[in-house]
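Reading the structure
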Amino acid sequence: MSSELESELERKGTPDPPTIGVEEEFFLADRETRATVGRASDVVKQARQCLGDQAGFELYPTIVETRTRPVGTLAELRQQLQWLRSGLGRAAAEAGCRVVASGTEVIPVTGPQHIVDDPRYWQLADRYPQFVGGDRSIASCACHIHLHAPDREEAVELLNHLRPWLPTLQAIAANSPFRDGRDSGFASWRSLHFGQWPHVGPTPLLRDAAAYDSLLDALVESGMLFDRRHLYWYARLSERWPTLEIRLPDINADLDTVLFVACLARALVGVLLADVRRGAPAPGISDPLLRAAHWRAARDGVRGSGLDLFTGRLRPFPDLAVRLIDRVAPALEETGALHFVRRTWHSVHTSGGGAERQRAAYRRRGDLRDVVDLLTVAGESEADAPSP
């Protein structure tokens, strides 16, 4: 698919802003046993020899992350992600482990979790001892999508307009059905698992940038956040860069799924920005109904029903996905991604998405090692790996 997508996009020319970047988080698993292992120090040290600062640590030594540079086309984004995954996979192989793309651990680490030696993580452990370290640690892997949003007032309006569409993205990316080595019954258990943090959830409706800043300052003063960067809403503004960040998708092994979600997010921001600029009001959806939609997305993924936030009724999820694709189709057409998105949606719908692929791998022999094998991000040889 890679050469087809690249040629398809390049034929259409350079798309309009926003530029886009993606962060991916991955678990590490022992090469032989497939159980989660804490070898991030070795893997990141090796990975940085070729990836530089685009590879890094997370809270736990069982997790590593990569960060693309901001790019202007989806073909460039695909190339960056493939290069980063290849480099990380090779580094993990050197450390005797695998890079595993699942929102939650498939075969959990044994014993208490320790944290990476970093002052910021020490603060987390001190503030939230019930969540960080020990046997009840909250470890999960997400995919974060960053979109250029230079005007802060418009960006806050975009956060308001994005709210009813994010459960659909969440369901498409659902890729974490296993909990403590057993099927949780949810397509995205990570959504509930990570949602135990007090500062995780839907972005509230906010009047303007001043209201956004005032609320964050109040949350820091309350002690719930120890700084403004600690906010984990499903969509937020960056405190360092002129970007809007969508934080709720699970990590996915299938690169087409990652690109699919990124395509939709980018196109959605484009069409909603047009609504913002013509003064269209954001949908006034209540927080309880929005939380119900996210819960349903986490439970069913693409193989069930979703809550239609514009009517308050359940609908087959494919109807909601098609409505989103149709809504952003003009923006997708402009960047040459519409055919790719429709084709990938057909594949995701047919397979049931990442969660169902994990379950299918487990059903074949009842062996979670098969699931880890499915989710392993392989490192290519230096000769075969694409350059950034």
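The model shown is predicted, which means the values in this text are computed figures rather than measured ones. (Residues numbered from 1 in each chain as written. Predicted model: local features only at pLDDT ≥ 70, side-chain atom pairs only at ≥ 80, totals over all residues. Heavy atoms only, no water.)

1. So, the overall build of the protein
Assigned secondary structure in the protein consists of 14 helices and 14 strands. In terms of overall dimensions, the protein has a C-alpha envelope of 55 × 50 × 40 Å along the principal axes. Split into buried and exposed, the 388 residues of the protein put 57% on the buried side. A separation threshold of at least 6 residues defines the contact pool for the protein, and within that pool the share at least 24 residues apart is 76%. In the form shown here, the protein has an accessible surface area of approximately 16000 Å², with 49% of it arising from carbon and sulfur atoms. Within the protein, the 52 negative side-chain charges are centred at a point lying 4 Å from the centre of the 46 positive side-chain charges. (Helix = DSSP H or I, 4+ residues; strand = E, 2+ residues; numbered from the N terminus. Buried < 20%, exposed > 50% of the residue type's maximum accessible area, 1.4 Å probe, protein only. Contact = heavy atoms within 4.5 Å. Areas by Shrake-Rupley, 256 points an atom, 1.4 Å probe, with all protein chains shown as cover. Lys, Arg positive; Asp, Glu negative; His and termini not counted. Charge placed at Lys NZ, Arg CZ, Asp CG, Glu CD.)

2. What about the pairing of strand β1 (residues 20-30)?
Of all eleven residues making up β1, eleven are buried, and the element is well covered by its neighbours. By the alternation rule, side chains of β1 split into I20, V22, E24, F26, L28 and D30 and G21, E23, E25, F27 and A29, which are all buried. Relative to strand β5 (residues 143-148), β1 runs antiparallel, the two being bridged by five bridges. Each residue of the ladder has a partner; that of I20, found in β5, is L147. (Pairing = 2+ DSSP bridges.)

3. Topic: the confidence of the model for the protein
Atomic detail in the predicted coordinates should be set aside for any region of low pLDDT. On average, the protein scores 90 in pLDDT, and the residues at 70 or more come to 92%. By mean pLDDT, helix α1 (residues 2-12) is the weakest element of the protein at 38, and helix α6 (residues 166-173) is the strongest at 98. Residue range residues 380-388 is modelled with pLDDT below 50. Its contacts to residues more than four positions away, or to other chains, number 18 contacts. (pLDDT = per-residue confidence, 0-100.)

4. Regarding α6
In terms of burial, α6 is a largely internal element, eight of the eight residues being buried. What α6 keeps buried is the set L166, P167, T168, L169, Q170, A171, I172 and A173.

5. Some thoughts on the pairing of strand β13 (residues 313-316)
As paired elements, strand β12 (residues 305-308) and β13 share four bridges and run antiparallel to each other. The partner of S305 across the bridge, within β13, is P316. The antiparallel hairpin formed by β12 and β13 contains four residues in its connecting segment, where G312 sits at a positive phi of about 80 degrees.

6. Notes on unusual backbone geometry
Positive phi values are uncommon outside glycine, yet R34 reaches one of about 70 degrees. With respect to the helices and strands, the residue R34 is situated in the loop between β1 and α2 (40-51). For D180, which is not glycine, the phi torsion reads 50 degrees and is therefore positive. Following the sequence through the fold, D180 ends up in the loop between β6 (178-179) and β7 (182-183).

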